[in-house]
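Survey of secondary and tertiary structure
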Amino acid sequence: MENTITQKPQRFLSLDVFRGITIFLMIIVNTPGTGAHLYPYLVHAHWFGFTLADLVFPSFLFAVGNAMSFSMLKMQKMEPSQVWAKIVKRTVIIFLLGYLMYWFPFFTFGADGHFMWKPIDQTRIMGVLQRIALAYFFASIIFYYLSEKTALIISGVILLAYWAILYIFGQPGAQLEMASNAVTRFDMSVLGLGHIYKKDSIPFDPEGLLSTLPAIVNVIGGYIAGVFIQKKGKSFEGISKLLMVAFGLIALAFWWNLVFPFAKKLWTSSFVLYTIGWDLAIMAVLVYAIEIRKIKFGIEYFTIFGKNPLFIYLFSELFYVVLRMIPVNAHQDAFEWVSEQIFQQIFPGPFGALVTAFAYVMVCWLLGWWLNKKRIYIKI
């Protein structure tokens with residue numbers, strides 16, 4: 001086991017802001033207003049390609065790695081049994097929260113109006129929090145036992161192996177198509193049709209088991225960036241190195257994209273490098289603006305999200321489901337009514353859909369603000 005941080009880490013406000021921006025954008029992307037399409041850059045690419053929305057989830061994983069870089073010193077001083085207990089406990093809790101979130105509200109109504117429990121055999125197993133849980137688990141074990149250099153080597157092996165797996169085990173000539181790629185075939189054989197995502201053009205889980213493998217690298221990238229920022233973050237040398245690595249990864253990703261295209265739903269290896277590159281660049285800008293230039297404008301708004309990120313994300317998802325269950329008239333639920341009868345009337349079109357999302361974000365922010373005011377910080 002190698003200790004990579006030798007002193008108590010100094011907290012960086014820029015890392016909290018980064019996490020807050022990620023939660024903010026995640027809610028915007030997940031809860032757009034109805035009655036009009038959201039702007040294309042806030043909608044996930046259908047298959048190949050890349051939009052701002054596609055950067056959000058990888059950035060969340062990157063932020064998980066950042067947070068790990070602060071907690072690892074404490075874990076490295078604990079007994080192995082304690083470390084394993086802590087990692088497993090956190091992994092299981094986050095995974096179960098994600099699973100229960102997709103099962104919520106646990107019941108439905110049949111065509112005849114009768115109350116029915118949602119069957120467990122038709123509940124999605126994987127998802128956003130489940131992927132975070134598994135990526136956190138493997139990255140934690142890697143950094144507890146191995147050095148950062150070894151973690152980088154493992155990352156390269158994972159990305160190359162995933163590339164090979166998709167081309168070797170996918171249907172010949174259609175290795176990257178939604179219905180015939182190795183990810184779909186693996187998830188269908190292991191999870192079964194009843195437990196995967198069904199709201200795409202065909203049953204396909206964008207957060208499936210196999211495609212979680214390269215997502216581990218996003219957490220590894222966030223961890224190594226967090227350690228580097230702790231050591232050299234508040235310096236122009238540190239910022240310059242972050243930007244150089246960011247540029248190198250983005251350039252390499254574009255080259256790899258020629259043969260292994262960006263695809264969030266497949267979480268391709270080129271997509272991993274591209275998103276880590278952008279996250280490093282964004283982090284460099286935030287460190288410069290917040291830690292060096294001491295810019296404070298808007299900082300508190302995003303740190304509110306960053307102080308209770310998991311709870312606010314869960315609330316945003318569950319409250320949205322509740323609003324979509326409340327009928328207002330024969331054609332609209334509560335969320336649709338607010339979006340279409342209020343915001344679309346004032347701001348018709350995509351801007352109205354965006355304003356609806358901003359309004360919903362403010363509801364989530366106010367909850368975070370209240371929690372912060374009461375000094376309530378919900379951690380796992």
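Bear in mind that the values here come from a model prediction, so they are computed numbers and not experimental data.

Counting its regular elements, the protein contains 13 helices and 2 strands. Taken across its 380 residues, the protein has 52% of its residues classed as buried. Pairs at least 24 residues apart make up 74% of the contacts formed inside the protein by residues separated by at least 6 positions. Carbon and sulfur atoms provide 69% of the accessible area of the protein, an area that totals close to 18,000 Å². Looking at charge distribution, the protein has the averaged site of its 30 positive side-chain charges lying 12 Å from that of its 20 negative ones.

Here the focus is a nonpolar patch on the surface. A cluster of nonpolar side chains, Trp84, Val88, Val92, Leu96, Leu100, Tyr145 and Leu146, forms an exposed patch at the surface whose accessible area comes to about 540 Å². Here the element with the most residues in the nonpolar patch is helix H3 (residues 80-103); it accounts for 5 residues. Of note, leucine 100 is situated in helix H3.

A few words on unusual backbone geometry. If you check the backbone angles, tryptophan 267 has positive phi at about 55° while not being a glycine. Relative to the helices and strands, tryptophan 267 is located in the loop between helix H8 (236-257) and helix H9 (269-292). Assessed through its relative accessible area of 0%, tryptophan 267 is described here as buried. If you check the backbone angles, lysine 294 has positive phi at about 60° while not being a glycine. Within the secondary structure layout, lysine 294 lies in the loop between H9 and helix H10 (299-307). Residue class for lysine 294 comes out partly exposed when judged on its relative accessible area of 48%.

A few words on the pattern of salt bridges. Applying the stated criterion to the full structure yields 8 salt bridges. The residue aspartate 16 makes a salt bridge to arginine 19 at a minimum N-O spacing of 2.8 Å. In this pair, aspartate 16 and arginine 19 both sit in helix H1 (residues 13-30), 3 residues apart, roughly one turn of the helix. Under the relative-accessibility criterion, arginine 19 is labelled buried at 13%. Glutamate 336 is the salt-bridge partner of arginine 324, the closest N and O atoms lying 3.1 Å from each other. Placement of arginine 324 in helix H11 (residues 309-325) and of glutamate 336 in helix H12 (residues 334-346) is noted, with a sequence separation of 12 residues between them. Judged by relative accessible area, glutamate 336 falls into the buried class, the value being 18%.

All right, on to a positive patch on the surface then. Taken together, the side chains of Lys74, Lys86, Lys89 and Arg90 present a region of like positive charge at the surface. Per element, the largest residue contribution to the positive patch is 3 residues, and it comes from H3. Within the secondary structure, arginine 90 is located in helix H3. With a relative accessible area of 31%, arginine 90 lands in the partly exposed category.

The subject of this paragraph is H9. For H9, spanning 24 residues, the distance from its first C-alpha to its last is 33 Å, which sits close to the expected 34 Å at 1.5 Å a residue. Across the 24 residues that make up H9, a large majority, 19, are buried. After H9 finishes, the residue lysine 294 shows a positive phi value of roughly 60°.

So, about the packing of H1 against helix H13 (residues 350-373). Packing of H1 against H13 brings their axes to within 9 Å, and their N-to-C directions diverge by 130°. The orientation of H1 with respect to H13, classified from their angle, is oblique. Crossing of H1 over H13 shows right-handed handedness. For the pair H1 and H13, the contacting residues are Phe24, Ile27 and Ile28 in the first and Leu354, Ala357, Phe358, Tyr360, Val361 and Cys364 in the second. Residue classes in the contact of H1 with H13 are distributed as 9 nonpolar, no polar and no charged.

Predicted confidence across the protein gives a mean pLDDT of 89, with 94% of residues reaching 70 or more. Mean pLDDT values over the elements of the protein span from 66, in strand E1 (residues 107-109), up to 95, in helix H5 (residues 148-169). Predicted confidence is poor over residues 1-7, with pLDDT under 50, and the contacts of this stretch with residues over four places away or in other chains come to 19 contacts.

On to the environment of glycine 127. Following the sequence through the fold, glycine 127 ends up in the loop between strand E2 (115-117) and helix H4 (128-145). A relative accessible area of 0% means that glycine 127 is categorised as buried. For the pair glycine 127 and asparagine 30, spaced 97 residues apart in sequence, the C-alpha separation works out to 13 Å.

Packing of H3 against H11 leaves a shortest axis separation of 11 Å and a crossing angle of 15°. Between H3 and H11, the angle falls in the class roughly parallel. For H3 against H11, the interelement crossing comes out right-handed. For the pair H3 and H11, the contacting residues are Ile94, Leu97 and Met101 in the first and Leu310, Tyr313, Leu314, Glu317 and Leu318 in the second.

Cut-offs and rules
Residues numbered from 1 in each chain as written. Predicted model: local features only at pLDDT ≥ 70, side-chain atom pairs only at ≥ 80, totals over all residues. Heavy atoms only, no water. Helix = DSSP H or I, 4+ residues; strand = E, 2+ residues; numbered from the N terminus. Buried < 20%, exposed > 50% of the residue type's maximum accessible area, 1.4 Å probe, protein only. Contact = heavy atoms within 4.5 Å. Areas by Shrake-Rupley, 256 points an atom, 1.4 Å probe, with all protein chains shown as cover. Lys, Arg positive; Asp, Glu negative; His and termini not counted. Charge placed at Lys NZ, Arg CZ, Asp CG, Glu CD. Patch = residues over 30% accessible without salt bridge, like charges linked within 9 Å, V, L, I, M, F, W, Y side chains within 5 Å. Salt bridge = Lys/Arg side-chain N within 4 Å of Asp/Glu carboxyl O. Expected span 1.5 Å × (residues − 1). Axes fitted to C-alpha atoms, helices over the stretch in contact; angles between N-to-C directions. Parallel < 35°, antiparallel > 145°, perpendicular 65-115°, else oblique. Left-handed = near helix turned anticlockwise from the far one by under 90°. Nonpolar A, V, L, I, M, F, W, Y, C, P; charged D, E, K, R; others polar. pLDDT = per-residue confidence, 0-100.

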